[in-house]
Amino acid sequence: MGSHFRSYIWDPVLILSQIVLMQCIYYSFLGLWLAVVDSLVQTNRSLDQIFSYEVLGFATMQGRLSMMAFILNSLTCALGLLFFIRRGKQCLDFTITVHFFHMMGCWLYNAHLPAALSWWLVNVACMALMAVIGEYLCMRTELRAIPVNSGPKSNL
């Protein structure tokens, strides 16, 4: 039986653990970025900043800073894709999964789907940033040159 380059083996335990890990990375670093933003403007921390769609908005300074925290979080999660997913073609799948579960969490927290246009715009922009940057970083590592000759060079 011949070997296949980068053969993919179906491993549901690995996939589920990667989904859980990416969700943990998403919420941990979002909490960290929001804490940094809150320390800048001296506001109280609450779950509303993560799950309430009414907080994200262009009208207030806190809304704009929360948007900035979400965007910085997407950059951080792109690094999570690089270190823990490591496959460029899976970055979009995991990005959509993370944001889908976030939307479900917002839906449960608010008892209805987010209705603010700013929430949808921020999350679509964050999905695009996370997927594109994560895919770029993973492709850079996948396309790195593989050393073929590891032995000492001899002069003939």
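Scoring rules and cut-offs
Residues numbered from 1 in each chain as written. Predicted model: local features only at pLDDT ≥ 70, side-chain atom pairs only at ≥ 80, totals over all residues. Heavy atoms only, no water. UniProt positions renumbered as here; feature names shortened; annotations may be inferred. Helix = DSSP H or I, 4+ residues; strand = E, 2+ residues; numbered from the N terminus. Phe/Tyr/Trp six-rings, centres within 6.5 Å; stacked < 30°, edge-to-face > 60°. Buried < 20%, exposed > 50% of the residue type's maximum accessible area, 1.4 Å probe, protein only. Axes fitted to C-alpha atoms, helices over the stretch in contact; angles between N-to-C directions. Parallel < 35°, antiparallel > 145°, perpendicular 65-115°, else oblique. Left-handed = near helix turned anticlockwise from the far one by under 90°. Contact = heavy atoms within 4.5 Å. Nonpolar A, V, L, I, M, F, W, Y, C, P; charged D, E, K, R; others polar.

- Per an unreviewed UniProt entry, the recorded name for the protein chain is Protein SYS1 homolog, and the organism is Oncorhynchus mykiss.
- According to its UniProt record, the protein chain has this under Subcellular location (unreviewed entry): "Golgi apparatus membrane".

Let's talk about the UniProt feature "transmembrane region" (unreviewed entry) in the protein chain
Reasoning step 1: The UniProt feature table records "transmembrane region" (unreviewed entry) at residues 12–36, 65–85, 92–111 and 117–138.
Reasoning step 2: In residues 12–36, the share of helix is 100% and the share of strand is 0%. The end C-alpha atoms are 36 Å apart.
Reasoning step 3: Helix makes up 100% of residues 65–85 and strand 0%, and the two end C-alpha atoms of the span are 29 Å apart.

Thoughts on the packing of aromatic side chains
Reasoning step 1: All told, the structure shown has 5 aromatic pairs when counted by the stated rule.
Reasoning step 2: Plain terms: the ring middles of Tyr-26 and Tyr-27 are 5.1 Å apart, the flat faces sit at 85° to each other, and that makes the pair edge-to-face.
Reasoning step 3: Looking at Tyr-26, the relative accessible area reads 2%, which means it is buried.
Reasoning step 4: You can call Tyr-27 partly exposed: its relative accessible area is 23%.
Reasoning step 5: Ring geometry for Trp-119 against Trp-120: centres 4.9 Å apart, planes inclined by 85°, an arrangement best described as edge-to-face.
Reasoning step 6: Overall, Trp-120 belongs to the partly exposed group, its relative accessible area being 33%.

Concerning the environment of Phe-70
Reasoning step 1: Relative to the elements of secondary structure, Phe-70 occurs in helix 3 (residues 61–85).
Reasoning step 2: The exposure class assigned to Phe-70 is buried, which follows from its relative accessible area of 1%.
Reasoning step 3: With 39 residues separating them in the primary sequence, Phe-70 and Gly-31 have C-alpha atoms 9.7 Å apart.

Thoughts on the packing of helix 3 against helix 4 (residues 91–110)
Helix packing for two helices is described by the angle between their axes and how far apart those axes are.
Reasoning step 1: Close contact between helix 3 and helix 4 brings their axes to 11 Å; oriented N to C, the two are set at 135°. Taken as axis vectors, helix 3 and helix 4 run oblique relative to one another. Remark: the crossing between helix 3 and helix 4 carries right-handed chirality. Contact residues: helix 3 offers Phe-70, Leu-81 and Ile-85, while helix 4 offers Cys-91, Phe-94, Thr-95 and His-102.
Reasoning step 2: Across the contact of helix 3 with helix 4, the residue classes tally to 5 nonpolar, 2 polar and no charged.

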